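One letter stands for each residue in the lines below.
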Amino acid sequence: MKNLFNKISAILLAAILILPFVPFRSYASAGASLFSIEPEDNPGLSFSVVSYEKTKNESYMFLPNTVDPTAVTVRYSGDAGEATGSGVIGRNEEEGHFTVDTTVGNEITVGGRKLIFMQSALPAMSIIINEGESIDTINASKEAKIGAKVSISGADNAKYDLSPTDIQIK
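Here the residue index of a chain counts from 1 through its sequence in written order. Given that the model is predicted, a residue must reach a pLDDT of at least 70 before its local features are reported, and side-chain atom pairs must reach 80 or more before they are shown or counted; all residues, however, enter totals for whole chains, interfaces and linings. Note that the side-chain values use all heavy atoms of the structure and ignore hydrogens as well as water.

Caption draft 1: Highlighting the sheet that holds strand 5 (residues 72-76). The strand order 2-1-5-8-7 describes an open sheet built from five strands, whose pairing is antiparallel. Looking at strand neighbours, the two that pair on one side only are strand 2 (49-50) and strand 7 (88-92), the edges of this open sheet. We treat two strands as partners when DSSP finds at least two bridges between them. Numbering goes from the N terminus for both helices and strands, where a helix is a DSSP run of H or I of at least four residues and a strand is a run of E of at least two. Inspection of the sheet shows strand 5 paired to strand 8 (residues 97-100) by four bridges, in the antiparallel sense. Note that in strand 8 the partner of Val 74 across the bridge is Phe 98.

If you want it as structure tokens, here you go:
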């Protein structure tokens, strides 16, 4: 248990030190992403993955290692336009999604926007802030704390996976 606590602490510390330097900024409307990958559409996924709009014409999707890369179903907001590229294997306009085989091509074009898929072999860590709480709270004061849940999935050995666990972020 102490070993697991040390690993989680190291991952959280790394996330806190590295995430502020990630060079992505949103070009979508506030709080909205253009594309998402949802658990109900993608077996092996336990949380939603949203796109990062790097520029006005380029989005990234970072896939956890638990998702089958040969059939990723991507939902889009609004009218995304036609999805083209060697990896596109299906589209359902009524449902608002398309399916991509990222092993054939990790880059497609959707309505003139480049959508690039990346997948890591590392376990996926998810931190979900409790409803009604905001990261702005802890940015405003060194003493403030907010509640959240952390989970880890996709480890080589399932004993290192962590089901959603309550934490406090300071």
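Caption draft 2: Region of interest: the packing of aromatic side chains. For this analysis, a ring pair means two rings from Phe, Tyr or Trp (six-membered ring only for Trp) whose centres lie within 6.5 Å, classed as stacked if their planes differ by under 30 degrees, edge-to-face if by over 60, and tilted for the remaining angles. Across all of its chains, the model carries four aromatic pairs by this definition. Seen in terms of ring centroids, Phe 35 and Phe 98 are 6.3 Å apart; in terms of plane orientation they differ by 75 degrees. Their pairing is edge-to-face. Highlighted residues: Phe 35 in strand 1 (residues 35-37) and Phe 98 in strand 8, separated in sequence by 63 residues. Across the pair, Phe 98 and Phe 35 agree in class, each one buried. Ring pairs connect the aromatic residues Phe 35, Tyr 76 and Phe 98, which therefore count as one cluster. The cut-offs for exposure are 20% and 50% of the maximum accessible area for each residue type, with area from a 1.4 Å probe on protein chains only; residues under the lower value are buried, those over the upper are exposed, and the others partly exposed.

Caption draft 3: Local environment of the nonpolar core. Here, the term nonpolar core denotes a set of buried Ala, Val, Leu, Ile, Met, Phe, Trp, Tyr and Cys residues that are joined through side-chain atoms within 4.5 Å. The biggest cluster of nonpolar side chains holds 19 residues, and the ones touching the most others in it are Phe 35, Ile 37, Phe 98, Leu 115 and Phe 117. Mapped onto this core, the elements with two or more residues apiece are strand 1, strand 4 (58-63), strand 5, strand 8, strand 9 (107-110) and strand 10 (113-119). Considering each element in turn, this core owes the most residues, three residues, to strand 5. The contact partners of Phe 117, leaving out residues within four places of it in the chain, are Met 61, Leu 63, Val 74, Val 100, Thr 102, Asn 106 and Ile 108. Counting residues in each nonpolar core, the second largest holds nine residues, with Ile 146, Ala 148, Leu 162 and Ile 167 among its members. Every residue pair with non-hydrogen atoms within 4.5 Å of one another is taken to be in contact.

Caption draft 4: Fine view of the sheet that holds strand 4. With respect to topology, five strands assemble into an open sheet ordered 3-4-10-9-6, the strand pairing being mixed. Whereas interior strands pair on both sides, the edge strands pair on one side only; in this sheet they are strand 3 (52-55) and strand 6 (83-84). Where strand 4 lies against strand 10, six bridges are found, and the strand directions are parallel. Directly across from Glu 58, in strand 10, lies its bridge partner Lys 114.

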